[in-house]
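# Working through the structure, step by step
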Amino acid sequence: MAHSRAFLDQLASEHQSPDTLYIGCADSRVIPELLTTSAPGELFVVRNVANLVPPADHAHSSVGAALEYAIQALHVSHIVVCGHYGCGGVKAMIEGVAPSMPELKSWLSEATLANAAARERTADSEEQWRDAVEENVLDQLANLPSYPCVRDRLAAKTLTLHGWVYDLKGGLHVYDHDAGVFREPSST
Ligand SMILES: [Zn+2]
């Protein structure tokens, strides 16, 4: 991605004012600016393994810190939680984490999926893995209102939450709240 010197100078001379907080997976293939065709300055980005939003007051506060800053200092109007099919983090929730990775095990234990439904699944099934990826995104959306700053902005109707899953083979799938399914935007 190349930008002119003048554009970069302009960005440096202004405060950032992104409209969207993007929370996505650390997977090297899922690049938020590429899949949303966003320019520098447009997305405030948090990426971690399996795009988790631990509930407020949990031990892992990095996401909460970014949430508070994005909402209270940057006044974003949208929060996107974006998972992706083929997510190794979600697979690890289903299959378990090797003892040699205690930090990863601790991190994934924040996920509802890792503690409940995953026990009934197997990542050998492509369909169940895809379902788990989608369910994990919905779990994170459900955790967002545990943060008072999110709750307040939702009550004021000045914040919109979005659930996405990126398909490396076929683009974005967006959660349709009315239909209760993830689908390609063009098919709605
Ligand atoms: Zn992932």
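Residues numbered from 1 in each chain as written. Predicted model: local features only at pLDDT ≥ 70, side-chain atom pairs only at ≥ 80, totals over all residues. Heavy atoms only, no water.

## Considerations on the overall build of the protein
Within the protein, the regular secondary structure consists of 8 helices and 6 strands. In sequence order, the secondary structure elements of the protein are arranged as α-β-α-β-α-β-α-α-α-α-α-β-β-β. For a compact globule of 188 residues, the expected C-alpha radius of gyration is about 16 Å, and the protein comes in at 17 Å, within 12% of that figure. Summarising the internal contacts of the protein: among those between residues at least 6 apart in sequence, 66% fall at separations of at least 24. (Helix = DSSP H or I, 4+ residues; strand = E, 2+ residues; numbered from the N terminus. Rg over C-alpha atoms; globule rule 2.2 N^0.38 Å. Contact = heavy atoms within 4.5 Å.)

## Details of the coordination of the zinc ion
Around the zinc ion, the protein supplies Cys25 (SG), His84 (NE2) and Cys87 (SG) as donor atoms, at distances of 2.0 to 2.3 Å. Written as a sequence motif, the donor arrangement for the zinc ion is C-x58-H-x2-C. Each member of the pair, His84 as well as Cys87, carries the same accessibility label: buried. (Donors = N, O, S within 2.8 Å, 3.2 Å for Na, K, Ca; no water. Buried < 20%, exposed > 50% of the residue type's maximum accessible area, 1.4 Å probe, protein only.)

## Overview of the packing of helix 3 (residues 62–73) against helix 8 (residues 148–155)
Interhelical geometry of helix 3 versus helix 8 gives an angle of 40° and a closest axis separation of 9 Å. Our pair here, helix 3 against helix 8, has a crossing hand that is left-handed. For the pair helix 3 and helix 8, contact is made by Leu67, Glu68, Ile71 and Gln72 and by Cys149, Val150 and Arg153, respectively. (Axes fitted to C-alpha atoms, helices over the stretch in contact; angles between N-to-C directions. Left-handed = near helix turned anticlockwise from the far one by under 90°.)

## A word on the environment of Gly163
If you trace the backbone, Gly163 turns up in strand 4 (residues 160–167). Using a relative accessible area of 1% as the deciding quantity, one classes Gly163 as buried. Distance in space between the C-alpha atoms of Gly163 and Val81 is 5.2 Å, their sequence separation being 82 residues. Excluding anything up to four places from it in sequence, Gly163 contacts Val81, Val137, Leu141, His173, Val174, Tyr175 and Phe182.

## Digging into the pattern of salt bridges
Counted according to the given criterion, the structure contains 3 salt bridges. Across the salt bridge formed by Asp9 and Arg5, the nearest N and O atoms sit 3.3 Å from each other. Taken together, the positions of Asp9 and Arg5, both in helix 1 (residues 5–13) and 4 residues apart, correspond to about one turn of that helix. For Asp9, a relative accessible area of 39% puts it in the partly exposed group. In this structure Arg5 comes out as exposed when scored by relative accessible area, which is 58%. We note a salt bridge from Asp176 to Arg183, for which the minimum N-O separation is 3.8 Å. (Salt bridge = Lys/Arg side-chain N within 4 Å of Asp/Glu carboxyl O.)

## Some remarks on the sheet that holds strand 5 (residues 171–176)
The strand order across the open sheet formed by 6 strands is 2-1-3-4-5-6, and the pairing between neighbours is mixed. The open sheet has two free edges, formed respectively by strand 2 (43–48) and strand 6 (181–183), since each of these has just one partner strand. Ignoring which end each strand starts from, the neighbouring axes of this sheet average 25° apart. Two elements, strand 1 (residues 20–25) and strand 2, share 6 bridges in a ladder whose sense is parallel. When the bridges of strand 2 are listed, Gly24 appears paired with Arg47. Along the sheet, helix 3 contacts strand 1, strand 2 and strand 3 (78–84); its crossing angle with strand 2, the most-contacted strand, is approximately 175°. Along the sheet, helix 7 (residues 126–143) contacts strand 3, strand 4, strand 5 and strand 6; its crossing angle with strand 4, the most-contacted strand, is approximately 160°. (Pairing = 2+ DSSP bridges.)

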